[in-house]
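Each chain is listed here by its residues.
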Amino acid sequence: MVTVKDIAEKCGVSTATVSKALNGYGDISEKTAERIRKTAEEMHYTPNVAARQLKTNASHTIGVLFEDETNVGLTHEFFAAILNAAKVQAEKEGYDILFISRNIAGRRASFLEHARYRSCDGVLIANMNYSNEDVRKLIYSEIPTVTIDYTYNDHSSVLSANVEGEYELTKYVISRGHRKIAFVHGENTSVTKKRLIGFYRALTEAGITVPDRYIVESRYHDLESCRVATQSLLTLPERPTCILFSDDYSYIGARSALSEAGLSVPDDISVAGYDGIEMAKTLYPPLTTFAQDTEAMGKRAIQKLIEIIENPKTCRPEEIEIPGRLVPGGTVARIQNG
């Protein structure tokens, strides 16, 4: 294995100079630094991570804790996009990514134990049951964390602007003439609560009141529960003219219920989703939705986590909201006297 000493001998400089060049210190000339870096590349030099960890007490490894209750894993389009953006940003800043689990060498362990076992400098937490005691132990441990779409006291989080997003989407539907607007939302989470606030805020501003039976709980990213919820709305004596869904993927489940009822979108009934996933763009007509900026969420989450890791004494916790954008699509018809 090529060492720093080998590179120093090849370049005719000290090992300290090689170390400074490879680590980006500015107290040597750029010409010398470039020559050293080029030599290191030609010699196929690979840094000794274990040695660097012993010296700096840092592994340059970020753990990712990701579990979703629908068990679709990284095929979950929304969170996959966030985590991919996080991975790209982490690698740009010199960090590796690994997934945290409840398993260490075949034995069951807590998330905190696994993070310590893997010497994670910090952990990004996404789409978890945030009230889970194992998660809470990790959050309140010595390991820096950043959460996605959930906030703990005195801890940093990156959030989609859920209140504003659902508000803007509902206002758009109202602007198309709809007054009988139903909402098939996800399970009782902080995200759901915020979206309901945005939904009701837009209705209140427009002087619209919808019956409680128009508000139906389903599950995020769950085709069957969304299909059943949609069926319950379609059997009402006075069905809604537009249904808002918890996410784009769940709407695919609703399509089967609409088809069984002989209803065409948007001629007979209007619909809108949420998230702006790629799959929604393949539907016809294109789904009206609110697109969350998953790339910005993943990138900013990693930037904040690294800031906490590298500047623990000066970095303050914060809630970072990432705005999205309305995608009008073609599934919300303009109607009269809705």
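Rules behind the numbers
Residues numbered from 1 in each chain as written. Predicted model: local features only at pLDDT ≥ 70, side-chain atom pairs only at ≥ 80, totals over all residues. Heavy atoms only, no water. Salt bridge = Lys/Arg side-chain N within 4 Å of Asp/Glu carboxyl O. Helix = DSSP H or I, 4+ residues; strand = E, 2+ residues; numbered from the N terminus. Buried < 20%, exposed > 50% of the residue type's maximum accessible area, 1.4 Å probe, protein only. Pairing = 2+ DSSP bridges. Axes fitted to C-alpha atoms, helices over the stretch in contact; angles between N-to-C directions. Contact = heavy atoms within 4.5 Å. Parallel < 35°, antiparallel > 145°, perpendicular 65-115°, else oblique. Left-handed = near helix turned anticlockwise from the far one by under 90°. Core = buried A, V, L, I, M, F, W, Y, C linked by side-chain atoms within 4.5 Å. Phe/Tyr/Trp six-rings, centres within 6.5 Å; stacked < 30°, edge-to-face > 60°. Lys NZ or Arg CZ within 6 Å of the ring centre and 35° of its normal.

Participant: Looking at this model, I keep getting lost on the pattern of salt bridges. Mind explaining?
Facilitator: A side chain of one charge can pair with a side chain of the opposite charge when the charged atoms of the two come close. Going through the model one piece at a time under the given rule, you end up with twelve salt bridges. The salt bridge involving Glu318 is made with Arg300; its shortest N-O contact spans 3.8 Å. Residue Glu318 is found in the loop between α12 (294-310) and β13 (319-322), and its partner Arg300 is found in helix α12; the two are separated by 18 residues along the sequence. The class for Arg300 is partly exposed, based on a relative accessible area of 24%. Residues joined by salt bridges that share partners form a network here, namely Arg300, Lys304, Glu307 and Glu318.

Participant: Please clarify how the sheet that holds strand β1 (residues 61-66) should be interpreted in this entry.
Facilitator: Two modes of strand pairing occur in sheets, parallel and antiparallel, and in both the strands are linked by backbone hydrogen bonds. Reading across the sheet, the six strands line up as β2-β1-β5-β6-β7-β13 and stay open at both edges, with parallel pairing between neighbours. The sheet is open, and its two edges are formed by β2 (96-99) and β13, each paired on a single side. Strand-to-strand twist across the sheet, computed as the mean angle between neighbouring axes with direction ignored, equals 20°. Here five bridges tie β1 to strand β5 (residues 122-126), and the two strands are oriented parallel to one another. Each bridged residue has a counterpart across the sheet, and for Ile62 the counterpart in β5 is Gly122. Contacts from helix α5 (residues 77-92) reach β1, β2, β5 and β6 (145-148) within the one sheet, and its direction differs from that of β5 by about 160°.

Participant: Sorry, what's going on with the pairing of β6 here?
Facilitator: On a regular strand, each side chain points to the face opposite its neighbour's, so the side chains alternate between the two faces of the sheet. Burial along β6 is two-sided: the residues Thr145 and Thr147 and Val146 and Ile148 are all buried. Sheet topology places β5 next to β6; three bridges connect them, and they run parallel. Along β6, the bridge assignment pairs Ile125 with Thr147. The pairing of β6 with strand β7 (residues 156-160) spans three bridges and is classified as parallel. Bridge pairing in β7 links Val146 to Ser156.

Participant: Just checking my understanding: could you explain the environment of Leu65 for this structure?
Facilitator: Within the secondary structure, Leu65 is located in strand β1. A C-alpha to C-alpha distance of 22 Å links Leu65 and Asp247, two positions 182 residues apart in sequence.

Participant: Could you clarify how one ought to interpret the packing of helix α10 (residues 223-234) against helix α11 (residues 248-260) in this entry?
Facilitator: Taken N-terminus to C-terminus, the directions of α10 and α11 make an angle of 45°; their axes are 7 Å apart at the nearest point. One element, α10, and the other, α11, form an angle in the oblique class. As for the relative orientation of α10 and α11, their crossing is right-handed in sense. On the side of α10, the interface is formed by Leu223, Cys226, Arg227, Thr230, Gln231 and Leu234, while α11 contributes Tyr249, Ser250, Tyr251, Ile252, Gly253, Ala254, Ser256, Ala257, Leu258 and Glu260.

Participant: Is there a simple way to think about the nonpolar core in this case?
Facilitator: It is characteristic of soluble globular proteins that their nonpolar side chains tend to be buried jointly. Within the largest apolar cluster, 43 residues are counted, with the highest numbers of intra-cluster contacts made by Phe199, Leu244, Phe245, Tyr251 and Leu258. Looking at this core, the elements with two or more residues in it are α8 (162-175), β8 (181-185), α9 (190-205), β9 (215-217), α10, β10 (242-245), α11 and β11 (270-272). Among all residues touching Phe199, those that are not within four sequence positions of it are Glu166, Tyr167, Thr170, Ile181, Phe183, Val210, Ile215 and Leu244.

Participant: Would you mind showing me how to read the packing of aromatic side chains here?
Facilitator: Summed over all chains, the structure comprises ten aromatic pairs. Taken together, a centroid distance of 5.8 Å and an interplanar angle of 40° make the contact between Phe66 and Phe79 tilted. Here Phe79 lies in helix α5 and Phe66 lies in strand β1, a separation of 13 residues in the sequence. When the ring of Tyr140 is compared with that of Tyr152, the centres are 5.9 Å apart and the planes differ by 85°; the resulting orientation is edge-to-face. Of this pair, Tyr140 sits in the loop between α7 (133-139) and β6 while Tyr152 sits in the loop between β6 and β7; the two residues are twelve residues apart in sequence, bridging distant segments of the chain. For Tyr152, a relative accessible area of 4% translates into the label buried. The structure contains a cluster of three or more aromatic residues connected by ring pairs, namely Tyr130, Tyr140, Tyr150 and Tyr152. Lying over the aromatic face of Tyr274, Arg195 brings its terminal NZ or CZ to 3.8 Å of the ring centre.

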